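Chains, contacts and geometry: an overview
Listed here are the chains, written in short residue letters.
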Amino acid sequence: MLPASVRRVAKKKPARPARPQKSAEPTTAQLRQEYYARRAAEQALEELGLRLDERPAPKGDANWWSEAQAGLDRLEIMHAVWRFTGLTGYAPEPEDFDPDQGWPTPSEVEAVFGSWDKMLDESGIDEAIFGVVVEKALAAHEKLGAREKELEQQARKLEDEGRKIPELKRREEVARAKRDEADTARQEAEAARDAIGRERDALAARIADLQAEADGLRAAAAASADARAGGAELELLEEMERALADQAATQQARDELHDRMERLRAEREQDRRTIAELTQLLARVDAEVGTAAVDAEPETPPATVLEAVERAAAEAKHLRFAPKAFETAADSPFRRPGLVLRTLRNLDELAGRYATGDMGKSLGQAAAEHGITQWKPDIAETTRKRYEDDYSFALEGSSRKLWVGPHIGLGSGSGAQFIARVYLHVSDGSDPEVPRGIVVAVVGRHLPDTTT
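Below is a short write-up of the structure.

**Points about empty space enclosed by the protein**
- Scanning all chains against the criterion turns up one cavity of 30 Å³ or more.
- Empty space within the largest cavity amounts to approximately 70 Å³.

Written out as C-alpha coordinates, the structure is:
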(Lines give C-alpha, C1' and ligand atoms only; values in the text may rest on other atoms or scores of the structure.)
Protein backbone atom coordinates (compact mmCIF):
# COMPACT_ATOMS: atom_id res chain seq x y z
CA MET A 1 0.00 0.00 0.00
CA LEU A 2 1.02 3.67 -0.40
CA PRO A 3 2.53 5.46 2.57
CA ALA A 4 0.10 6.97 4.97
CA SER A 5 1.39 10.47 4.12
CA VAL A 6 -0.16 10.19 0.65
CA ARG A 7 -3.64 9.37 1.77
CA ARG A 8 -6.03 12.05 2.80
CA VAL A 9 -7.08 11.41 6.31
CA ALA A 10 -9.78 13.39 7.99
CA LYS A 11 -8.61 15.07 11.10
CA LYS A 12 -10.25 13.77 14.21
CA LYS A 13 -11.36 15.89 17.09
CA PRO A 14 -9.32 15.39 20.25
CA ALA A 15 -11.07 12.95 22.54
CA ARG A 16 -12.23 14.05 25.95
CA PRO A 17 -10.32 12.70 28.92
CA ALA A 18 -11.84 9.37 29.88
CA ARG A 19 -12.88 8.56 33.41
CA PRO A 20 -10.55 6.32 35.39
CA GLN A 21 -11.32 2.71 34.55
CA LYS A 22 -11.55 -0.01 37.16
CA SER A 23 -8.77 -2.56 37.25
CA ALA A 24 -9.01 -5.15 34.44
CA GLU A 25 -7.11 -7.86 36.40
CA PRO A 26 -9.31 -11.00 36.83
CA THR A 27 -10.08 -12.22 40.31
CA THR A 28 -8.99 -15.63 41.63
CA ALA A 29 -12.51 -16.97 41.27
CA GLN A 30 -12.60 -15.81 37.59
CA LEU A 31 -9.24 -17.46 36.87
CA ARG A 32 -10.39 -20.68 38.44
CA GLN A 33 -13.62 -20.66 36.49
CA GLU A 34 -11.75 -20.01 33.22
CA TYR A 35 -9.31 -22.87 33.95
CA TYR A 36 -12.10 -25.39 34.50
CA ALA A 37 -13.90 -24.24 31.32
CA ARG A 38 -10.73 -24.55 29.20
CA ARG A 39 -9.99 -27.99 30.67
CA ALA A 40 -13.52 -29.20 29.96
CA ALA A 41 -13.17 -28.01 26.32
CA GLU A 42 -9.87 -29.84 25.85
CA GLN A 43 -11.33 -33.04 27.25
CA ALA A 44 -14.29 -32.76 24.90
CA LEU A 45 -11.98 -32.29 21.88
CA GLU A 46 -9.84 -35.28 22.95
CA GLU A 47 -12.94 -37.45 23.10
CA LEU A 48 -13.59 -36.42 19.46
CA GLY A 49 -10.01 -37.26 18.48
CA LEU A 50 -8.91 -33.66 18.02
CA ARG A 51 -5.73 -32.38 19.64
CA LEU A 52 -4.88 -28.78 18.93
CA ASP A 53 -1.28 -29.05 20.11
CA GLU A 54 -0.54 -31.60 17.36
CA ARG A 55 -1.57 -29.28 14.37
CA PRO A 56 1.32 -27.34 12.72
CA ALA A 57 1.25 -23.50 12.73
CA PRO A 58 -0.10 -22.04 9.38
CA LYS A 59 2.18 -20.10 7.00
CA GLY A 60 1.25 -17.07 4.83
CA ASP A 61 1.85 -16.67 1.01
CA ALA A 62 4.24 -13.72 0.66
CA ASN A 63 4.08 -13.72 -3.17
CA TRP A 64 0.30 -13.41 -3.24
CA TRP A 65 0.32 -10.60 -0.75
CA SER A 66 2.96 -8.61 -2.65
CA GLU A 67 0.99 -8.90 -5.93
CA ALA A 68 -2.21 -7.78 -4.22
CA GLN A 69 -0.39 -4.81 -2.69
CA ALA A 70 1.03 -3.79 -6.11
CA GLY A 71 -2.45 -4.05 -7.65
CA LEU A 72 -3.93 -1.87 -4.92
CA ASP A 73 -1.17 0.71 -5.49
CA ARG A 74 -1.98 0.80 -9.22
CA LEU A 75 -5.69 1.14 -8.53
CA GLU A 76 -5.12 3.95 -6.08
CA ILE A 77 -2.94 5.89 -8.56
CA MET A 78 -5.43 5.27 -11.39
CA HIS A 79 -8.23 6.54 -9.17
CA ALA A 80 -6.18 9.66 -8.36
CA VAL A 81 -5.53 10.37 -12.07
CA TRP A 82 -9.20 10.01 -13.09
CA ARG A 83 -10.40 11.97 -10.07
CA PHE A 84 -7.98 14.84 -10.85
CA THR A 85 -9.05 14.89 -14.50
CA GLY A 86 -12.74 14.84 -13.60
CA LEU A 87 -12.28 17.80 -11.21
CA THR A 88 -10.05 19.95 -13.43
CA GLY A 89 -10.94 18.88 -16.98
CA TYR A 90 -7.36 18.03 -18.04
CA ALA A 91 -4.86 15.21 -17.42
CA PRO A 92 -2.41 15.88 -14.55
CA GLU A 93 1.28 16.63 -14.93
CA PRO A 94 3.90 15.54 -12.34
CA GLU A 95 3.90 18.99 -10.72
CA ASP A 96 0.10 18.84 -10.29
CA PHE A 97 0.27 15.96 -7.76
CA ASP A 98 0.94 17.66 -4.43
CA PRO A 99 1.30 15.17 -1.53
CA ASP A 100 0.12 17.84 0.90
CA GLN A 101 -3.19 17.88 -0.98
CA GLY A 102 -3.58 14.12 -0.73
CA TRP A 103 -2.21 13.19 -4.19
CA PRO A 104 0.44 10.49 -4.94
CA THR A 105 3.98 11.76 -5.52
CA PRO A 106 5.66 11.47 -8.96
CA SER A 107 8.27 9.16 -7.41
CA GLU A 108 5.56 6.80 -6.19
CA VAL A 109 4.03 6.79 -9.68
CA GLU A 110 7.39 5.93 -11.23
CA ALA A 111 7.95 3.19 -8.61
CA VAL A 112 4.66 1.50 -9.54
CA PHE A 113 4.44 2.12 -13.34
CA GLY A 114 8.02 2.85 -14.31
CA SER A 115 7.32 6.35 -15.71
CA TRP A 116 4.67 9.06 -15.69
CA ASP A 117 3.85 8.69 -19.41
CA LYS A 118 3.45 4.93 -19.04
CA MET A 119 1.03 5.48 -16.17
CA LEU A 120 -1.04 7.87 -18.37
CA ASP A 121 -1.03 5.37 -21.26
CA GLU A 122 -2.24 2.53 -19.03
CA SER A 123 -4.89 4.71 -17.41
CA GLY A 124 -6.43 5.47 -20.82
CA ILE A 125 -7.04 9.07 -19.72
CA ASP A 126 -6.00 10.45 -23.14
CA GLU A 127 -9.01 8.71 -24.70
CA ALA A 128 -11.42 10.02 -22.06
CA ILE A 129 -14.43 12.13 -23.01
CA PHE A 130 -13.23 15.04 -20.86
CA GLY A 131 -10.87 16.36 -23.54
CA VAL A 132 -13.46 16.06 -26.30
CA VAL A 133 -16.06 17.85 -24.18
CA VAL A 134 -13.66 20.67 -23.34
CA GLU A 135 -12.61 21.10 -26.98
CA LYS A 136 -16.20 21.16 -28.19
CA ALA A 137 -17.17 23.61 -25.42
CA LEU A 138 -14.30 25.94 -26.38
CA ALA A 139 -15.16 25.68 -30.08
CA ALA A 140 -18.83 26.38 -29.34
CA HIS A 141 -17.86 29.34 -27.15
CA GLU A 142 -15.67 30.77 -29.91
CA LYS A 143 -18.42 30.30 -32.48
CA LEU A 144 -21.01 31.93 -30.22
CA GLY A 145 -18.66 34.85 -29.62
CA ALA A 146 -18.15 35.35 -33.36
CA ARG A 147 -21.92 35.10 -33.95
CA GLU A 148 -22.59 37.61 -31.17
CA LYS A 149 -20.15 40.10 -32.73
CA GLU A 150 -21.77 39.57 -36.13
CA LEU A 151 -25.24 40.19 -34.69
CA GLU A 152 -23.99 43.33 -32.91
CA GLN A 153 -22.55 44.62 -36.18
CA GLN A 154 -25.83 43.90 -37.97
CA ALA A 155 -27.79 45.63 -35.20
CA ARG A 156 -25.53 48.70 -35.40
CA LYS A 157 -25.88 48.69 -39.19
CA LEU A 158 -29.68 48.56 -38.93
CA GLU A 159 -29.64 51.36 -36.36
CA ASP A 160 -27.48 53.48 -38.69
CA GLU A 161 -29.82 52.72 -41.60
CA GLY A 162 -32.81 53.61 -39.44
CA ARG A 163 -31.26 56.98 -38.52
CA LYS A 164 -30.71 57.69 -42.21
CA ILE A 165 -34.37 57.17 -43.17
CA PRO A 166 -35.63 60.71 -42.26
CA GLU A 167 -32.74 62.31 -44.16
CA LEU A 168 -33.34 60.03 -47.16
CA LYS A 169 -37.01 60.92 -47.16
CA ARG A 170 -36.15 64.64 -46.94
CA ARG A 171 -33.69 64.32 -49.83
CA GLU A 172 -36.29 62.45 -51.86
CA GLU A 173 -38.85 65.21 -51.25
CA VAL A 174 -36.30 67.89 -52.22
CA ALA A 175 -35.31 65.97 -55.36
CA ARG A 176 -38.95 65.48 -56.28
CA ALA A 177 -39.67 69.19 -55.78
CA LYS A 178 -36.65 70.12 -57.90
CA ARG A 179 -37.76 67.69 -60.59
CA ASP A 180 -41.26 69.18 -60.64
CA GLU A 181 -39.77 72.68 -60.82
CA ALA A 182 -37.46 71.58 -63.64
CA ASP A 183 -40.40 70.05 -65.51
CA THR A 184 -42.34 73.29 -65.19
CA ALA A 185 -39.36 75.37 -66.31
CA ARG A 186 -38.74 73.01 -69.23
CA GLN A 187 -42.35 73.30 -70.35
CA GLU A 188 -42.19 77.09 -70.12
CA ALA A 189 -38.88 77.12 -72.00
CA GLU A 190 -40.28 74.89 -74.74
CA ALA A 191 -43.33 77.14 -75.07
CA ALA A 192 -41.10 80.24 -75.26
CA ARG A 193 -38.86 78.49 -77.77
CA ASP A 194 -41.83 77.67 -79.97
CA ALA A 195 -43.09 81.26 -79.74
CA ILE A 196 -39.67 82.66 -80.60
CA GLY A 197 -39.39 80.19 -83.46
CA ARG A 198 -42.69 81.36 -84.87
CA GLU A 199 -41.66 84.99 -84.42
CA ARG A 200 -38.30 84.27 -86.04
CA ASP A 201 -39.97 82.68 -89.05
CA ALA A 202 -42.30 85.66 -89.41
CA LEU A 203 -39.38 88.09 -89.16
CA ALA A 204 -37.38 86.06 -91.68
CA ALA A 205 -40.28 86.22 -94.12
CA ARG A 206 -40.66 89.96 -93.47
CA ILE A 207 -36.94 90.49 -94.00
CA ALA A 208 -37.01 88.58 -97.25
CA ASP A 209 -39.86 90.78 -98.47
CA LEU A 210 -38.03 93.93 -97.37
CA GLN A 211 -34.83 92.73 -98.99
CA ALA A 212 -36.59 92.14 -102.27
CA GLU A 213 -38.28 95.52 -102.02
CA ALA A 214 -34.96 97.22 -101.16
CA ASP A 215 -33.30 95.66 -104.16
CA GLY A 216 -36.09 96.97 -106.37
CA LEU A 217 -35.80 100.40 -104.80
CA ARG A 218 -32.06 100.52 -105.32
CA ALA A 219 -32.54 99.70 -108.97
CA ALA A 220 -35.25 102.35 -109.31
CA ALA A 221 -33.12 104.95 -107.48
CA ALA A 222 -30.23 104.39 -109.86
CA ALA A 223 -32.49 104.98 -112.87
CA SER A 224 -34.35 107.99 -111.44
CA ALA A 225 -32.97 111.46 -110.64
CA ASP A 226 -35.99 112.53 -108.65
CA ALA A 227 -34.83 113.76 -105.22
CA ARG A 228 -38.14 113.06 -103.55
CA ALA A 229 -38.11 109.50 -104.77
CA GLY A 230 -34.56 109.14 -103.39
CA GLY A 231 -35.75 110.19 -99.88
CA ALA A 232 -38.42 107.45 -99.84
CA GLU A 233 -35.83 104.87 -100.76
CA LEU A 234 -33.64 105.94 -97.85
CA GLU A 235 -36.54 105.46 -95.42
CA LEU A 236 -37.13 101.97 -96.75
CA LEU A 237 -33.45 101.13 -96.38
CA GLU A 238 -33.47 102.33 -92.75
CA GLU A 239 -36.55 100.19 -92.06
CA MET A 240 -34.81 97.20 -93.55
CA GLU A 241 -31.73 97.75 -91.36
CA ARG A 242 -33.92 97.92 -88.29
CA ALA A 243 -35.58 94.62 -89.27
CA LEU A 244 -32.17 93.01 -89.69
CA ALA A 245 -31.14 94.24 -86.23
CA ASP A 246 -34.38 92.80 -84.74
CA GLN A 247 -33.63 89.50 -86.41
CA ALA A 248 -30.14 89.40 -84.87
CA ALA A 249 -31.59 90.14 -81.41
CA THR A 250 -34.18 87.42 -81.88
CA GLN A 251 -31.48 84.95 -82.90
CA GLN A 252 -29.44 85.80 -79.78
CA ALA A 253 -32.52 85.34 -77.54
CA ARG A 254 -33.21 82.00 -79.21
CA ASP A 255 -29.62 80.84 -78.56
CA GLU A 256 -29.84 81.90 -74.90
CA LEU A 257 -33.14 80.07 -74.51
CA HIS A 258 -31.61 76.97 -76.11
CA ASP A 259 -28.72 77.06 -73.62
CA ARG A 260 -31.15 77.42 -70.72
CA MET A 261 -33.16 74.45 -71.97
CA GLU A 262 -30.01 72.32 -72.14
CA ARG A 263 -29.14 73.25 -68.54
CA LEU A 264 -32.66 72.42 -67.38
CA ARG A 265 -32.56 69.12 -69.26
CA ALA A 266 -29.23 68.20 -67.56
CA GLU A 267 -30.59 69.18 -64.12
CA ARG A 268 -33.73 67.14 -64.77
CA GLU A 269 -31.67 64.09 -65.71
CA GLN A 270 -29.55 64.50 -62.57
CA ASP A 271 -32.70 64.79 -60.43
CA ARG A 272 -34.10 61.66 -62.10
CA ARG A 273 -30.94 59.70 -61.23
CA THR A 274 -30.99 61.03 -57.66
CA ILE A 275 -34.63 60.02 -57.20
CA ALA A 276 -33.88 56.55 -58.59
CA GLU A 277 -30.93 56.11 -56.21
CA LEU A 278 -32.94 57.29 -53.22
CA THR A 279 -35.82 55.01 -54.20
CA GLN A 280 -33.51 51.99 -54.36
CA LEU A 281 -31.92 52.88 -51.03
CA LEU A 282 -35.32 53.32 -49.39
CA ALA A 283 -36.43 49.96 -50.80
CA ARG A 284 -33.39 48.26 -49.27
CA VAL A 285 -33.96 50.02 -45.94
CA ASP A 286 -37.66 49.08 -46.00
CA ALA A 287 -36.74 45.43 -46.56
CA GLU A 288 -34.02 45.32 -43.86
CA VAL A 289 -35.59 47.36 -41.04
CA GLY A 290 -37.70 45.13 -38.78
CA THR A 291 -36.48 41.76 -40.09
CA ALA A 292 -34.85 39.16 -37.90
CA ALA A 293 -31.60 40.56 -38.02
CA VAL A 294 -30.62 37.50 -37.60
CA ASP A 295 -30.41 36.45 -41.19
CA ALA A 296 -26.92 35.60 -42.43
CA GLU A 297 -27.46 37.47 -45.73
CA PRO A 298 -29.47 40.67 -46.34
CA GLU A 299 -32.85 40.03 -47.96
CA THR A 300 -33.32 41.11 -51.57
CA PRO A 301 -36.07 43.78 -51.62
CA PRO A 302 -39.09 43.10 -53.85
CA ALA A 303 -39.07 44.86 -57.21
CA THR A 304 -42.85 45.49 -57.41
CA VAL A 305 -45.84 45.77 -55.11
CA LEU A 306 -47.23 42.53 -56.55
CA GLU A 307 -44.00 40.70 -55.66
CA ALA A 308 -44.21 42.11 -52.12
CA VAL A 309 -47.81 40.86 -51.72
CA GLU A 310 -46.97 37.43 -53.12
CA ARG A 311 -43.98 37.07 -50.80
CA ALA A 312 -46.00 38.17 -47.76
CA ALA A 313 -48.86 35.79 -48.65
CA ALA A 314 -46.42 32.88 -48.94
CA GLU A 315 -44.94 33.65 -45.51
CA ALA A 316 -48.17 34.59 -43.68
CA LYS A 317 -49.27 32.37 -40.78
CA HIS A 318 -52.41 34.23 -39.73
CA LEU A 319 -53.18 36.87 -42.39
CA ARG A 320 -55.50 35.98 -45.29
CA PHE A 321 -55.36 37.52 -48.78
CA ALA A 322 -58.30 38.05 -51.13
CA PRO A 323 -57.79 37.66 -54.91
CA LYS A 324 -58.50 41.37 -55.28
CA ALA A 325 -55.37 42.14 -53.22
CA PHE A 326 -53.15 40.64 -55.94
CA GLU A 327 -55.11 42.32 -58.75
CA THR A 328 -54.81 45.79 -57.22
CA ALA A 329 -51.14 45.22 -56.31
CA ALA A 330 -50.32 44.42 -59.94
CA ASP A 331 -51.77 47.83 -60.93
CA SER A 332 -49.86 49.81 -58.28
CA PRO A 333 -46.86 51.98 -59.34
CA PHE A 334 -45.83 52.59 -55.70
CA ARG A 335 -42.04 53.02 -55.59
CA ARG A 336 -41.47 51.44 -52.16
CA PRO A 337 -42.55 47.79 -52.39
CA GLY A 338 -40.16 46.96 -49.55
CA LEU A 339 -42.32 49.11 -47.24
CA VAL A 340 -45.39 47.14 -48.38
CA LEU A 341 -43.67 43.83 -47.54
CA ARG A 342 -42.57 45.02 -44.09
CA THR A 343 -46.06 46.36 -43.31
CA LEU A 344 -47.74 43.08 -44.34
CA ARG A 345 -45.31 41.10 -42.16
CA ASN A 346 -46.09 43.30 -39.17
CA LEU A 347 -49.78 42.96 -39.98
CA ASP A 348 -49.42 39.15 -39.91
CA GLU A 349 -48.12 39.37 -36.33
CA LEU A 350 -51.06 41.63 -35.42
CA ALA A 351 -53.48 39.13 -37.03
CA GLY A 352 -51.99 36.37 -34.87
CA ARG A 353 -52.70 38.38 -31.72
CA TYR A 354 -56.22 39.23 -32.88
CA ALA A 355 -57.08 35.62 -33.74
CA THR A 356 -56.30 34.45 -30.19
CA GLY A 357 -59.08 36.56 -28.68
CA ASP A 358 -59.54 39.81 -26.76
CA MET A 359 -56.32 41.87 -26.74
CA GLY A 360 -57.47 44.31 -24.08
CA LYS A 361 -57.00 47.27 -26.45
CA SER A 362 -58.12 48.50 -29.86
CA LEU A 363 -56.63 47.24 -33.11
CA GLY A 364 -55.17 50.68 -33.77
CA GLN A 365 -53.33 50.68 -30.43
CA ALA A 366 -52.08 47.15 -31.01
CA ALA A 367 -51.03 48.03 -34.57
CA ALA A 368 -48.81 50.84 -33.25
CA GLU A 369 -46.98 48.28 -31.09
CA HIS A 370 -46.14 46.39 -34.31
CA GLY A 371 -44.77 49.43 -36.14
CA ILE A 372 -48.00 50.27 -38.03
CA THR A 373 -48.54 53.99 -37.36
CA GLN A 374 -50.87 55.20 -40.16
CA TRP A 375 -53.86 53.07 -39.06
CA LYS A 376 -57.36 54.26 -39.95
CA PRO A 377 -60.22 52.43 -38.16
CA ASP A 378 -62.86 52.67 -40.94
CA ILE A 379 -64.18 54.56 -43.97
CA ALA A 380 -67.23 56.77 -44.21
CA GLU A 381 -70.52 54.98 -44.87
CA THR A 382 -71.38 57.45 -47.65
CA THR A 383 -68.10 56.57 -49.38
CA ARG A 384 -68.84 52.85 -49.09
CA LYS A 385 -72.29 53.31 -50.63
CA ARG A 386 -71.16 55.65 -53.39
CA TYR A 387 -68.22 53.45 -54.49
CA GLU A 388 -69.65 50.04 -53.72
CA ASP A 389 -67.58 48.11 -56.27
CA ASP A 390 -64.31 49.63 -55.07
CA TYR A 391 -64.88 48.91 -51.37
CA SER A 392 -66.29 45.37 -51.71
CA PHE A 393 -64.58 42.07 -52.51
CA ALA A 394 -65.02 38.28 -52.31
CA LEU A 395 -62.82 35.54 -50.90
CA GLU A 396 -61.43 32.83 -53.12
CA GLY A 397 -64.05 30.17 -53.93
CA SER A 398 -66.90 32.36 -52.67
CA SER A 399 -69.26 34.82 -54.35
CA ARG A 400 -70.38 36.45 -51.11
CA LYS A 401 -69.69 40.19 -50.94
CA LEU A 402 -67.55 41.47 -48.06
CA TRP A 403 -66.73 45.09 -47.19
CA VAL A 404 -63.41 46.74 -46.40
CA GLY A 405 -63.11 49.06 -43.44
CA PRO A 406 -59.81 49.62 -41.62
CA HIS A 407 -56.93 50.69 -43.83
CA ILE A 408 -53.25 51.61 -43.53
CA GLY A 409 -51.51 54.53 -45.21
CA LEU A 410 -48.02 54.09 -46.69
CA GLY A 411 -45.52 56.69 -47.91
CA SER A 412 -45.89 60.47 -48.13
CA GLY A 413 -46.47 63.09 -50.78
CA SER A 414 -48.95 62.95 -53.62
CA GLY A 415 -49.46 60.55 -56.48
CA ALA A 416 -49.70 56.77 -56.69
CA GLN A 417 -45.91 56.51 -57.05
CA PHE A 418 -45.34 57.99 -53.59
CA ILE A 419 -48.36 56.89 -51.52
CA ALA A 420 -50.26 53.61 -51.22
CA ARG A 421 -53.01 52.04 -49.10
CA VAL A 422 -53.70 48.59 -47.62
CA TYR A 423 -57.44 48.03 -47.13
CA LEU A 424 -58.57 45.29 -44.69
CA HIS A 425 -61.62 43.34 -43.62
CA VAL A 426 -61.72 42.46 -39.90
CA SER A 427 -64.01 39.57 -38.88
CA ASP A 428 -64.93 39.03 -35.23
CA GLY A 429 -66.00 35.41 -35.82
CA SER A 430 -69.74 36.01 -35.53
CA ASP A 431 -70.22 35.06 -39.19
CA PRO A 432 -69.87 31.25 -39.53
CA GLU A 433 -68.66 31.61 -43.13
CA VAL A 434 -65.82 34.00 -42.20
CA PRO A 435 -63.68 32.90 -39.23
CA ARG A 436 -62.21 35.42 -36.83
CA GLY A 437 -59.20 37.15 -38.33
CA ILE A 438 -57.91 39.86 -40.68
CA VAL A 439 -58.19 39.71 -44.48
CA VAL A 440 -56.11 41.85 -46.88
CA ALA A 441 -58.58 43.02 -49.53
CA VAL A 442 -56.85 45.79 -51.53
CA VAL A 443 -53.19 46.81 -51.81
CA GLY A 444 -52.01 49.73 -53.92
CA ARG A 445 -53.76 52.88 -55.12
CA HIS A 446 -55.87 55.13 -52.89
CA LEU A 447 -59.51 54.16 -53.47
CA PRO A 448 -61.91 56.96 -54.44
CA ASP A 449 -63.74 58.85 -51.69
CA THR A 450 -65.67 62.09 -51.20
CA THR A 451 -62.48 64.16 -51.40
CA THR A 452 -61.60 62.79 -54.85
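**What about the packing of aromatic side chains?**
- Applying the stated criterion to the full structure yields eight aromatic pairs.
- Relative to F97, the ring of F84 has its centre 5.9 Å away and its plane inclined at 75 degrees; by these criteria the two rings are edge-to-face. With F84 in helix α2 (residues 62–88) and F97 in the loop between α2 and α3 (106–113), this pair connects stretches of sequence that are 13 residues apart.
- Note on F84: relative accessible area 7%, which makes it buried.

**Quick notes on the sheet that holds strand β5 (residues 407–411)**
- Spatial ordering of the open sheet is given by β1-β7-β6-β5-β2, a layout of five strands whose pairing is mixed. Taken across any chain shown, the strands that pair with only one partner, and hence form the sheet edges, are β1 (320–321) and β2 (375–376).
- Sheet contacts for helix α8 (residues 323–330): β1 and β7 (437–444); angle to β7, the most-contacted strand, approximately 25 degrees.

**Some details on helix α9 (residues 337–356)**
- The end-to-end C-alpha distance of α9 is 29 Å, a good match for the 28 Å that 20 residues give at a rise of 1.5 Å each.
- Across the 20 residues that make up α9, a large majority, 15, are buried.
- Phi turns positive, to about 140 degrees, at G357, one or two residues after α9.

**Considerations on the environment of D117**
- As for its placement among the helices and strands, D117 is situated in helix α4 (residues 116–123).
- Its relative accessible area of 54% is what places D117 among the exposed residues.
- Separated by 24 residues in the primary sequence, D117 and E93 place their C-alpha atoms 9.5 Å from one another.

Reading guide: rules and limits
- Residues numbered from 1 in each chain as written.
- Predicted model: local features only at pLDDT ≥ 70, side-chain atom pairs only at ≥ 80, totals over all residues.
- Heavy atoms only, no water.
- 1 Å grid on protein atoms, 1.4 Å probe; cavity = no way out; pocket = protein on both sides within 12 Å on 5 of 7 lines; lining within 4 Å.
- Points joined across faces, edges and corners; volume = space filled by probe spheres on them.
- Phe/Tyr/Trp six-rings, centres within 6.5 Å; stacked < 30°, edge-to-face > 60°.
- Helix = DSSP H or I, 4+ residues; strand = E, 2+ residues; numbered from the N terminus.
- Buried < 20%, exposed > 50% of the residue type's maximum accessible area, 1.4 Å probe, protein only.
- Pairing = 2+ DSSP bridges.
- Contact = heavy atoms within 4.5 Å.
- Axes fitted to C-alpha atoms, helices over the stretch in contact; angles between N-to-C directions.
- Expected span 1.5 Å × (residues − 1).

Remember, this is a structural readout, not a statement about activity or role.
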